[in-house]
Amino acid sequence: MAVVGRALLILGLLTCAYGIGVSVYGARSGRREWVDSGRRSVYALAALMVCAFAILDVAFLRNDFSYNLVASASSTTTPTLFKAAAIWSTQAGSLLLWIMLLSLWSSLVLFLSRNKVREIAPYATAVLLGFCGFFTTLTVFVHSAHPFATSATPPTEGAGLDPLLRHVTMMVHPPMLYSGYTMLTIPFAFAVGALISRRTGAEWIQVTRRFALAAWLCLGIGIMLGARWSYTELGWGGYWAWDPVENAALMPWLLATAFIHSIMIQEKRGMLKTWNVSLILGTGTMAIVGTFLVRSGILSSIHAFVSNGTLNWAFVALIAAMVVVSIGLVIWRRDQLRSEARLDSLLSREAVFLFQNLVLVALALVIFWVTFFPLISQAITGTQVSVGPPAFRPFVVPLALILVLLSGIGPIIAWRRVTLENLRRSFVFPAAAALATLAVLLLAVGSGASAFAFAMFGCGAFVLAAVAQEFWRGTRARRAMSHEPAPLAFAQLVRRNRRRYGGYVVHAGLAVLLIGVAASTSFQHSRYATLMPGQSTKLDGYTVRYVKPTVAATPARLSLGAVLAVSKGGHPVATLNTRHELYPSQDPSLGPIGRFFNGSDESRIGLTSGFTRDVWTVVNPSLQPLQGLIMQGDRLFTRLERDTMPRVVGLPLAKANAALAPLWQARDRAIAELVARYVNHPWPVTFLMIVSPLVMWLWIGALIVVAGALIALWPIPTLAWLRARSAAYAGRLAREPA
């Protein structure tokens, strides 16, 4: 089947070339049949890539180690759930996923717009196929990116999936990020098509708006799943480390946020055409930059793949081409991009959206500069200067505060211009809510707390009050007109204005999320404690007692853990179980016993979550007390293997395994006895303990954001409702006697 997979990739590359050619020819000649053929080539490419992906995924599920990819990222002991997801833990597999997702999303947008934007669509088709062709070329011609490379002498066992990736969020996190990246190329492609065809009105925006919002939503979900994975899996107690690959997803998300807001001004007032097209061209480019950072390894990151020079230069060439073409097209069509209206007042919704856009772009630029500063410094001085989270905070914190405040002002200020009386009526309640929140916070924690936390709580309260006020006013107005009960009036209000009120829900969710961030970072307490069983320590009013050590040993994994009892004021709060798990290495040079203790490892945290605070801990047991016994075991079993192996040479595999079974069983018993010493003869163990307030509200805020985005994305039922009413009316007429 590997041959079939390779053939499908080659057919996919030929399909891309054909589709680009006929789409451009059809657009230039005005022949619709060629344009339609180009669109259908995208459908064909999607079918080819789905088949290729299915072949590779089946190979993972069947443990077919003749595929180099399967041998490097899976094993017979990898759980089936993670075998299915292991495909995108590899460089080549993730590239194939990228192509498949892009071809599927491209097929969807071209199908939905097949009778719209006829001058723009062929060029957009060519651009989308160009992206697909680029990635397909990498999988066909770059050996390290070839997903169907095979070995004539496959191993009997694979290396296994990295333990850090054996987490349920990894089933969804990468596909969500890749869906976001790939969907951002869709408005990019239609913007290019609009510029080439001189159709610079709002038509291309209307076709791609839902895809821009869906891309924003997928990127946001991917970012939050990554944060949750970091919080529960990496064992450092945080959820955002300003890692380059984390930032690579955040930058296009920020730019997409700006685009989603600014296109409202173009649709309503015919303004910001140059800004909008430049913004989405930059957002699409940043999506490719994000993909490049994951694959290149040019910046140190736990998330990045191993660096490959060929891939790096290919991506640099693509990004450079996108930048040059984007700038050239905007300059070329600058006359068609002139605004149809001017900003009437700085006290207007248009002005707030514009300020919000500037803040979002400034945030993205700051993050880009600091993220790439090690490379910039190396290029200028020859020395790579490392930067960490403190380098971001002086710039990101004030910009984030301004952004949250603007997200509360936007919904309550009018279009075009606003009077002082309107300002007073709109701002009194949100401002009072913000001041009341600050007063309560001052009374609760005093004036010595973080200024950032105070400001974020105040701004967040302003946003929540502003959104609540808009929902209340809208429901009241609808009740006055329709005389419906309040719950029904509320539901109908949202149903008939989904973009508007879904956006308000998103604003509220972001406010809740950032309040959680402010509280959990500003009021967090943490400490390291080294304890023996029975000993305890105190942290932020909690008493944490080390109850007992725990162990588990199998050929696939060793586990050294601990049970902790958490209490407050003498009352039990929770029992936490935390483990440090060790996975065997396939490197024989580490020794027959030592390879079980010196392979990959991961931390399993102990966590109790609540609406007010989380108590988090992780164990970090030292293996030093076992090192002498491990070395003795290595010497003993190396000698036993050397004595046993000559007897099984030449035997059939089944007989050889049967002859070696007693040796492997003795080895497993020896390892079990070694780890049992952790319980039978315990030694002091180090724990990291953290108490973080309101972390739960970060995740709740994210869920509110997702809910709001889904409301805004959900199709407006007007047309379906009209069709149903028309059909019902026609049915009544048919039943009436003549």
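Owing to the predicted nature of the structure, the values given are computational and were not obtained by experimental measurement.

S.K.: It is not clear to me how the pattern of salt bridges should be interpreted in this structure. Could you clarify?
M.R.: Working definition: two side chains of opposite charge can pair if their charged atoms are close together. Counted under the stated rule, the structure contains 18 salt bridges. The partner of Arg62 in a salt bridge is Asp64, and the shortest N-O contact between them spans 3.8 Å. On the accessibility criterion, Arg62 (59% relative accessible area) is exposed.

S.K.: Can you help me understand the domain arrangement of the protein chain in this one?
M.R.: Size of an interface, as often reported, equals the accessible area lost when the parts are brought together. On domain assignment, one finds that the protein chain holds domain 1 (209-215 + 226-391), domain 2 (414-523 + 698-708) and domain 3 (525-693). Domain 1 and domain 2 are separated by 27 Å when their C-alpha centres are compared. Of the residues lining the interface, 19 residues belong to domain 1; the matching set on domain 2 comes to 16 residues. When residues of domain 1 are sorted by the area they lose upon contact with domain 2, Tyr239, Leu347 and Arg349 head the list and together hold 38% of the total. At the boundary of domain 1 with domain 2, the tally comes to one salt bridge. Note that Arg499 and Glu267 form a salt bridge whose closest N and O atoms lie 3.4 Å from each other. The interface formed by domain 1 and domain 2 holds three residue pairs in polar contact (both at pLDDT 80 or more) in total. Taken together, the elements giving at least two residues each to the side of domain 1 that touches domain 2 come down to α8 (203-233), α9 (244-269) and α12 (349-381). When residues of the side of domain 1 that touches domain 2 are assigned to their parent elements, the largest contribution, seven residues, is made by α9.

S.K.: Any chance you could explain the side chain of Ser113 here in plain terms?
M.R.: Here Ser113 shows up in the loop between α5 (91-112) and α6 (121-141). When neighbours within four sequence positions are excluded, Ser113 is seen to be in contact with Phe190 and Val207.

S.K.: Where do I start with the state of the cysteines in this structure?
M.R.: Put plainly, two cysteines are in a disulfide when a covalent bond ties their sulfur atoms together. This structure, assessed with the given rule, holds zero disulfides. The cysteine Cys132 is free of any disulfide, with Cys16 supplying the nearest cysteine sulfur at 5.2 Å.

S.K.: Teacher, can you tell me more about the packing of aromatic side chains here?
M.R.: Think of a pair of aromatic rings as described by two things: how far the centres are apart, and how the planes are tilted against each other in angle. Applying the stated criterion across every chain yields a total of 25 aromatic pairs. Considering the side-chain rings of Trp369 and Phe373, the 6.0 Å spacing of their centres and the 55 degrees angle between planes classify their relative orientation as tilted. With Trp369 and Phe373 both in helix α12, this residue pair falls four residues apart, about one helical turn. According to the relative accessible area criterion, Trp369 is partly exposed, its value standing at 46%. Members of the aromatic cluster, each reached through a chain of ring pairs, are Trp98, Phe134, Phe135, Phe292 and Phe315. The ring of Trp332 is capped by Arg333, whose NZ or CZ atom sits 3.6 Å from the centre of that ring.

S.K.: Can you walk me through the sheet that holds strand β5 (residues 571-582) in this structure?
M.R.: Strand order in the open sheet formed by five strands is β2-β3-β4-β5-β6, with antiparallel pairing between adjacent strands. At either margin of the open sheet sits one strand with a lone partner, and together these are β2 (536-539) and β6 (601-604). Recorded for the sheet is a direction-independent mean angle of 25 degrees between the axes of neighbouring strands. In this sheet, β6 lies alongside β5 in antiparallel orientation, the contact comprising four bridges. Each residue of the ladder has a partner; that of Arg579, found in β6, is Arg604. Docked against the sheet, helix α19 (residues 653-680) engages β3 (542-554) and β4 (557-568), running at close to 170 degrees with respect to β3.

S.K.: Can you walk me through the environment of Ser107 in this structure?
M.R.: Summarising the element assignment, Ser107 is placed in helix α5. On a C-alpha basis, the gap between Ser107 and Ala46 in space is 7.2 Å, while along the polypeptide they are 61 residues apart. When neighbours within four sequence positions are excluded, Ser107 is seen to be in contact with Val42, Tyr43 and Ala46. A distance of 3.4 Å separates a polar side-chain atom of Ser107 from the backbone oxygen of Val42.

S.K.: I would appreciate a short explanation of the pairing of β5 in the present structure.
M.R.: In summary, the side chains of a regular strand alternate between the two faces of the sheet. In this sheet, β5 lies alongside β4 in antiparallel orientation, the contact comprising eleven bridges. Note on β5: the bridge partner recorded for Val563 is Asn577. Hairpin geometry of β4 and β5 is characterised by an intervening segment of two residues between the two adjacent antiparallel strands and by a positive phi of about 60 degrees at Gly569.

S.K.: What exactly am I supposed to notice about the packing of helix α7 (residues 173-197) against helix α11 (residues 309-332) here?
M.R.: To characterise two packed helices, one gives the angle between the axes of the helices and the distance between these axes. Their axes nearest at 10 Å, the elements α7 and α11 cross at an angle of 40 degrees. By the criterion of interaxial angle, the relationship of α7 to α11 is oblique. Where α7 crosses over α11, the handedness of that crossing is left-handed. Facing Phe188, Val192, Leu195 and Ile196 of α7, the residues of α11 in contact are Met322, Ser326, Leu329 and Val330. In terms of residue class, the contact of α7 with α11 is made up of seven nonpolar, one polar and no charged.

So, how was this worked out
All residue numbers refer to positions counted from 1 along the written sequence of the respective chain. Reporting of local features is limited, given that this is a predicted model, to residues whose pLDDT is at least 70; pairs of side-chain atoms are given and counted only at 80 or more, and all residues count toward the totals for whole chains, interfaces and linings. No hydrogens and no water enter the side-chain calculation; it runs on all heavy atoms of the structure. Salt bridges are defined by distance alone: a side-chain nitrogen of Lys or Arg within 4 Å of a carboxyl oxygen of Asp or Glu. A simple rule labels every residue: compare its accessible area, found with a 1.4 Å probe on the protein chains alone, to the largest value its type can have, and call it buried under 20%, exposed over 50%, or partly exposed in between. Each domain's extent was defined by an automatic or database domain assignment. Contact between two residues is taken to exist if any of their heavy atoms lie within 4.5 Å; hydrogens are not considered. Buried area is a sum: the accessible area each of two parts loses on coming together, probed at 1.4 Å, counted once for each and added. What qualifies as a polar contact is a pair of N or O atoms within 3.5 Å, subject to a donor-acceptor requirement within protein and to the restriction that residues adjacent in sequence count only when both atoms come from side chains. Elements are defined by DSSP. Helices are runs of H or I of four residues or more, strands are runs of E of two residues or more, and each kind is numbered from the N terminus. In what follows, a disulfide is any cysteine sulfur pair within 2.5 Å. The pairing test for Phe, Tyr and Trp rings, Trp by its six-membered ring, is centres within 6.5 Å, and the orientation test on the planes gives stacked under 30 degrees, edge-to-face over 60, and tilted for anything in between. Charge-over-ring placement is defined geometrically: NZ (Lys) or CZ (Arg) within 6 Å of the ring centre, and within 35 degrees of the ring normal. Paired strands are those between which DSSP finds at least two bridges. Between N-to-C directions, angles cover 0 to 180 degrees, with each direction set by a line fitted to C-alpha atoms, over the stretch in contact for helices. When describing relative orientation, an angle under 35 degrees is termed roughly parallel and one over 145 degrees roughly antiparallel, while 65 to 115 degrees is termed roughly perpendicular and anything else oblique. In this scheme, a crossing is called left-handed if the near helix is turned counterclockwise away from the far one by less than a right angle; it is called right-handed if the turn is clockwise. Each residue is assigned to one of three groups, with Ala, Val, Leu, Ile, Met, Phe, Trp, Tyr, Cys and Pro labelled nonpolar, Asp, Glu, Lys and Arg labelled charged, and all others, Gly among them, labelled polar.

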